[in-house]
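One letter stands for each residue in the lines below.
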Amino acid sequence: MTSETSNTSLTLEEAFNLAVEHYQKGEKETARNIFEQILAASPDSLPVLQVLSVLDMEDHDFTAAETKLRHAQSLAPQDLSLTLDLAIAIKAQGRNKDALNFTEDVLSLDPTNATALQLRQELTALMGQRGASKRDQKQLDQIKQHKAQQLDTEIAETLTVAETLMTQGQNEQAEQLIVAILSLDENNRDAIHKWSQLLMVQEKNIEAAHQLKRLLSINPADELAALLLSKVYARLNQYSEGRLVCQNFVREAGQHAQIEKQWLVMCVKDKQWIQGETLGKALKQRYPEDNDICYLYTLCSFHLLRNRHNYTPEAMQATIDCIDQAMVGASQKRLNELLSYKAEVTWYLGDIQQAESYFTDVFRMTPDNLQMRWLQHILFLHRNNWQEYYPAYELGIELDERVNHTSDMPRWHASLSTKEETVIVLPEQGVGDEIRFYHNLNFIIERVKKVFVACDQRLVPYLSLAYPTVSYIPLKRSQEKHLLDIPTEVVQQCTSWIPAGSLGGEIYGEKGKHWAKPHYGVFPADLKQQWQDKVDTQHSGKGLRIGISWRSGLGSASRNINFLKTHEVAHFIKQFPDASFYNLQYGECSKELKKIEKLSGVKVIQLEGLDLRDDFLATAAVMNSLDIVFTAPTAVHMLTVTTTTPCYVYGAGSNESNFAEPTEYFGDMNEKQEFFFRFPPMMGNKYPMIEAISQRIKNDFADQ
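Rules used in this analysis
- Positions within a chain are numbered from 1, following the residues in the order the chain's sequence is written.
- Note on the predicted model: pLDDT of at least 70 is required for a residue's local features to be given, and 80 or more for side-chain atom pairs to be given and counted; whole-chain, interface and lining totals, by contrast, use all residues.
- Excluded from the side-chain calculations are hydrogens and water; all other atoms, namely the structure's heavy atoms, are used.
- Think of each axis as a best-fit line through the C-alpha atoms, taken over the contacting stretch in the case of a helix, with angles from 0 to 180 degrees between the N-to-C directions.
- Counting from the N terminus, the helices are DSSP H or I runs at least four residues long and the strands are E runs at least two residues long.
- Any angle between 65 and 115 degrees counts as roughly perpendicular, while under 35 counts as roughly parallel, over 145 as roughly antiparallel, and the rest as oblique.
- By convention the crossing between two helices is left-handed if the near helix lies anticlockwise of the far one by an angle smaller than a right angle, and right-handed if it lies clockwise.
- Here, residues are in contact when the closest pair of their heavy atoms is within 4.5 Å.
- In this classification, Asp, Glu, Lys and Arg are treated as charged, Ala, Val, Leu, Ile, Met, Phe, Trp, Tyr, Cys and Pro as nonpolar, and every other residue, Gly included, as polar.
- Both site types are read off a 1 Å grid over the protein atoms alone. A 1.4 Å probe that fits but cannot get out defines a cavity, while an open set with protein on both sides within 12 Å along at least five of seven lines defines a pocket; lining residues have an atom within 4 Å of a point.
- Grid points are joined across faces, edges and corners, and a volume is the space filled by probe spheres set on the points.
- Pairing of aromatic rings covers Phe, Tyr and Trp, the last counted by its six-membered ring, and requires centre-to-centre distances within 6.5 Å; plane angles under 30 degrees mean stacked, over 60 mean edge-to-face, and any other angle means tilted.
- Type-normalised accessible area, obtained with a 1.4 Å probe on protein chains alone, sets the label of each residue: buried when under 20%, exposed when over 50%, and partly exposed for intermediate values.
- To sit over a ring, a charge needs its Lys NZ or Arg CZ within 6 Å of the ring centre and within 35 degrees of the ring normal.
- Criterion used throughout: strands pair if DSSP finds at least two bridges between them.
- To estimate how far a helix should extend, the number of its residues minus one is multiplied by 1.5 Å.
- Two N or O atoms count as a polar contact when they lie within 3.5 Å, although within protein this holds only if one can serve as hydrogen donor and the other as acceptor, and sequence-adjacent residues are included solely when both atoms are side-chain atoms.
- For crossovers, right-handed means that the path from the first strand over the helix to the second runs clockwise, given strands pointing away from the viewer.
- One confidence number per residue, pLDDT, is output by the predictor and ranges from 0 to 100.
- Throughout, nonpolar core names a set of buried Ala, Val, Leu, Ile, Met, Phe, Trp, Tyr and Cys residues whose side chains join them through atoms within 4.5 Å.
- Here a salt bridge means any side-chain nitrogen of Lys or Arg lying within 4 Å of a carboxyl oxygen belonging to Asp or Glu.

J.: Honestly, the packing of helix α16 (residues 291–308) against helix α18 (residues 332–348) in this entry has me stumped. Any pointers?
T.: The geometry of a pair of packed helices is captured by two quantities: the angle between their axes and the separation between those axes. One can describe the packing of α16 onto α18 by two numbers: an axis separation of 11 Å at closest approach and a directional angle of 30 degrees. For the element pair α16 / α18, the angle class is roughly parallel. At the point where α16 passes α18, the crossing takes the left-handed sense. Here α16 contributes N291, D292, Y295, T298, L299, F302, H303, L305 and R306 to the contact with α18, which in turn contributes R334, E337, L338, Y341, E344, V345 and Y348. Across the contact of α16 with α18, the residue classes break down as 8 nonpolar, 3 polar and 5 charged.

J.: Please explain empty space enclosed by the protein as it appears in this structure.
T.: Empty space among the atoms can be located by rolling a probe the size of a water molecule over them. For the coordinates displayed, the defined rule picks out 3 cavities of 30 Å³ or more. If you add up the space inside the largest cavity, you get close to 90 Å³. Lining the largest cavity, in full, are Y389, Y390, R436, F437, H439, N440, G501, G504, H514, W515, F666 and K672. Among the elements of the structure, α22 (386–398) and α23 (431–437) are those that each provide at least two residues to the lining of the largest cavity. A class-by-class count of the residues in the lining of the largest cavity yields 5 nonpolar, 5 polar and 2 charged.

J.: Explanation requested: the packing of aromatic side chains in the structure shown.
T.: Between two aromatic rings, the relevant description is the distance of the centres plus the angle of the planes. Within the structure shown, the criterion is met by 23 aromatic pairs. Arranged with centres 5.2 Å apart and planes meeting at 45 degrees, the rings of W386 and F666 form a pair that is tilted. In this pair, W386 sits in helix α22 while F666 sits in the loop between β8 (647–652) and α34 (669–672), placing the two residues 280 residues apart along the sequence. For the pair W386 and F666, a shared accessibility class is recorded, and that class is buried. Through a chain of ring-to-ring contacts, the aromatic side chains of W374, W386, Y389, Y390, Y393, F437, Y508, Y665, F666 and F676 assemble into a single cluster. Taking NZ or CZ as reference, R447 lies 3.7 Å from the ring centre of F443, over its face. In this structure, R678 packs its charged tip against the face of F676, placed 4.4 Å from the ring centre.

J.: So what exactly am I meant to see when it comes to the sheet that holds β8 here?
T.: Within a beta sheet, neighbouring strands are joined by backbone hydrogen bonds and run either parallel or antiparallel to one another. Strand order across the open sheet formed by 5 strands is β6-β5-β7-β8-β9, with parallel pairing between neighbours. Either end of the sheet is taken by a strand with one partner, and the two such strands are β6 (580–583) and β9 (674–679). With direction set aside, neighbouring strand axes in the sheet form an average angle of 25 degrees. Examined bridge by bridge, strand β5 (residues 545–548) and strand β7 (residues 628–631) share 3 bridges and lie parallel to one another. Across the sheet, the residue bridging to I548 is F630, located in β7. Strand contacts of helix α35 (residues 687–700): β7, β8 and β9, with the helix running at about 160 degrees to β8, the strand carrying the most contacts.

J.: What's the story with helix α12 (residues 223–235) in this structure? I'm lost.
T.: One turn of an α-helix holds 3.6 residues; hence residues three or four places apart share an orientation. Between the first and last C-alpha of α12 there are 19 Å, a value that for 13 residues agrees with the 18 Å anticipated at 1.5 Å per step. The complete set of buried residues in α12 reads A225, A226, L227, L228, L229, S230, V232, Y233 and A234. Turning to α12, the residues buried within the fold contact α10 (189–201), α11 (205–218), α13 (239–253) and α14 (257–269). For α12, the capping residue at the N-terminal end is D222, with a side-chain oxygen 3.3 Å from the backbone nitrogen of L224. N237 lies just past α12 and shows a positive phi near 60 degrees.

J.: Is there a simple way to think about the environment of A620 in this case?
T.: Tracing the sequence through the fold places A620 in helix α32 (residues 616–625). A620 gets classed as buried once you look at its relative accessible area, which sits at 0%. The spatial distance from the C-alpha of A620 to the C-alpha of E27 is 85 Å, given a sequence separation of 593 residues. Aside from chain neighbours lying at most four places away, what touches A620 is Y462, F523, L639 and T643.

J.: Help me understand the pairing of β7, please; the structure alone is not making it clear to me.
T.: Successive side chains on a regular strand alternate, one facing one side of the sheet and the next facing the other. Here β7 shows a buried face lined by I628 and F630 and a second buried face lined by V629 and T631. Read from β7 through helix α33 (residues 635–642) to β8, the crossover connection turns out right-handed.

J.: Before we go on, may I ask you to explain the confidence of the model for the protein chain in this structure?
T.: In low-pLDDT segments, the atomic positions of the prediction should not be examined closely. Here the protein chain shows a mean pLDDT of 88. Residues at 70 or above account for 94%. In the predicted structure, residues 1–8 sits below a pLDDT of 50 and forms 16 contacts with residues beyond four places in sequence or in another chain. Per-residue pLDDT stays below 50 along residues 555–559; that stretch engages in 12 contacts with residues further than four places along the chain or on separate chains.

J.: Would you mind showing me how to read the nonpolar core here?
T.: Generally speaking, a soluble globular protein has its nonpolar side chains buried in company with each other. In this structure, I546 and I548 are the most contacted members of the largest nonpolar core, which totals 171 residues. It is α16 that contributes the most residues to this core, 9 residues altogether. Non-local contacts of I546, meaning those with residues more than four positions away in its chain, are made with F572, F576, A579, S580, F581, Y582, I628 and F630. In terms of nonpolar packing, the next biggest core, distinct from the first, is built from 34 residues, V48, L55, I90 and L123 among them.

J.: It is not clear to me how the environment of M127 should be interpreted in this structure. Could you clarify?
T.: Its place among the elements puts M127 in the loop between α7 (114–126) and α8 (130–167). A C-alpha to C-alpha distance of 7.3 Å links M127 and N96, two positions 31 residues apart in sequence. The contacts of M127, once residues within four sequence positions are left out, are N96, K97 and L100.

J.: Can you help me understand the side chain of H514 in this one?
T.: Assignment of secondary structure puts H514 in the loop between α27 (503–511) and α28 (525–538). H514 gets classed as buried once you look at its relative accessible area, which sits at 7%. A polar contact is formed between the side chain of H514 and the side chain of Y390, at a distance of 2.8 Å. Each residue touching H514, except ones within four places of it in the same chain, is listed here: W386, Y390, N440, G504, I507, Y508, E664, F666 and G667.

J.: I tried to follow the pattern of salt bridges on my own but got confused; where do I start?
T.: Note on pairing: side chains with opposite charge can pair once their charged atoms come close. Taken as a whole and assessed by the stated rule, the structure comprises 34 salt bridges. Note that D361 and R364 form a salt bridge whose closest N and O atoms lie 3.0 Å from each other. Highlighted residues: D361 and R364, both in helix α19 (residues 352–365), separated by 3 residues, approximately one helical turn. A salt bridge links D627 to R545; the shortest N-O distance between them is 3.5 Å. Of this pair, D627 sits in the loop between α32 and β7 while R545 sits in strand β5, placing them 82 residues apart in sequence. What emerges from the salt-bridge pattern is a single network uniting R32, E36, D56, D59 and K68.

J.: Even after reading the chapter, I still don't get the side chain of S580, so can you show me in this structure?
T.: With respect to the element layout, S580 can be found in strand β6. One polar contact links the side chain of S580 to the main-chain amide nitrogen of S540, over a distance of 3.3 Å.

Structure (structure tokens):
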């Protein structure tokens, strides 16, 4: 025969396949024309007769369909599918009795034929034979139930085989079996569960997440799916999504220990200490015997204390109690970790001897605990134990507690330095640290050919005057970011690098000192005179010119350990009735200044045009114009020390600290004029300390 769409001769089989293709594309008329051409050429073709009868029924031409099916049945009387199709075509014409006869013929040969039983049930119902219809429905239900049970049994057996294959590492074969099950029952939860777990084993986490979300869409209370999906999100570092899965599950299904514990794990992994502390506290009350929950809650409590600097006696004691509870029944690994936290909080509380004892215990159990050694640098600093301080401080680099550099460039060391080197100096955690460490730039400038300094962009104008031969890379500081993106063209010029904070160790190793220059501030003559005039204009003509700052720019609870409150600042001001006080507190502090004025009766001068937050050159010039600066240990302290103005600093030390006498802070206090008064951290009444510092200032300026 010849097809309608081509002049090429086709066999009947090829023509049939072509017609099927047209039908599958929805081109029914073209398909019918080809089928009818085939039937004209081969009038006894059973497949064509059956297909055309289907097309007739789709067009509601049931008489034509019956004619074709009767002819087909006469050719193959044992083909039950033809008989059933004929019965359906006759039923559609309303001849129920005739249709029932043909249906009975099928059931006489195949009594459990579900399609025939369904058809007979419908026919008997239409004919009013209710008893027969009910019997057929019951038999149908039994057959369906039996088939479902058979399918469930086969699926369970297949899943068992798949699980065995998974344990043997034959993942591809296991996946084939699971996919085969899903082709029969696409929403089979057991199969989807197994497939999700298989995908997780293969680290196909995105695909696993997709399947687990399918499970939760089928059943939002599927606890295993919720648990696994949260764990998959953890693998993908999508912690907020993992928390949301747990949160939604609890909202839908109610409290569930495993899911809520996983939610707490997500909080810890994502460093969501506030949410974790709130959740952990509730879980700990409900599941007091669960060591994991107690441990996770303790992590949140400790890190919340550390990150928010909530150094109140109540908060710290609560954290100590929490740590003690978590240590009961803890594994050795967790025990070591918790003991290190306890040592740190004990240090915050001011008990330095007990803290050192805990540190010693940790080292005895874990001699390679670098994190613990890094934390100890604070204790070594307090003890002026420089031999151990500098090596401990260096550990902060590899532990990602300080800045790092991602290239293969070697670290600079003075002992290995050559005059031909080009070195890049990297900044440290905060702008105050940077200011302090830049006392040491001359040490490296004198030893190498070229120095690049990456620093806070606000420091460039000030440092450029102090160290004019250096090339500066201004950086905008981002929170909690220790890795720095240095321009490629700079990196290509450099032969080595060093963090600014490591220069002090190099100097100490070679000279036994901690800085190269005690003061490095340099000011243009006109700028220096400009701010000196402004300071003098506001001065009463008698008494000292005193700059004051009492906290950092962070409005956190850390003022309880290092900073003064407004009434304490006012008490300091009252000690100097003839002095003029100049505000050096950066950030919004207008309400505090009003309160200080109300309590002291003295208005603190705010110099017009002075940008304390961003203009470090002008701020340092003001400091240089003052007689003294009284401040907490902040960037104000560090910037003052770069000038020749004496700086009187107060800050928390230990319970052993004598607040009446200044202590050495990285070198000769008199040469640097940096007088650091340490007080016990939990000291409630700071008035005696304020009075002692005030008396020291009066004594130092008695002859002026």
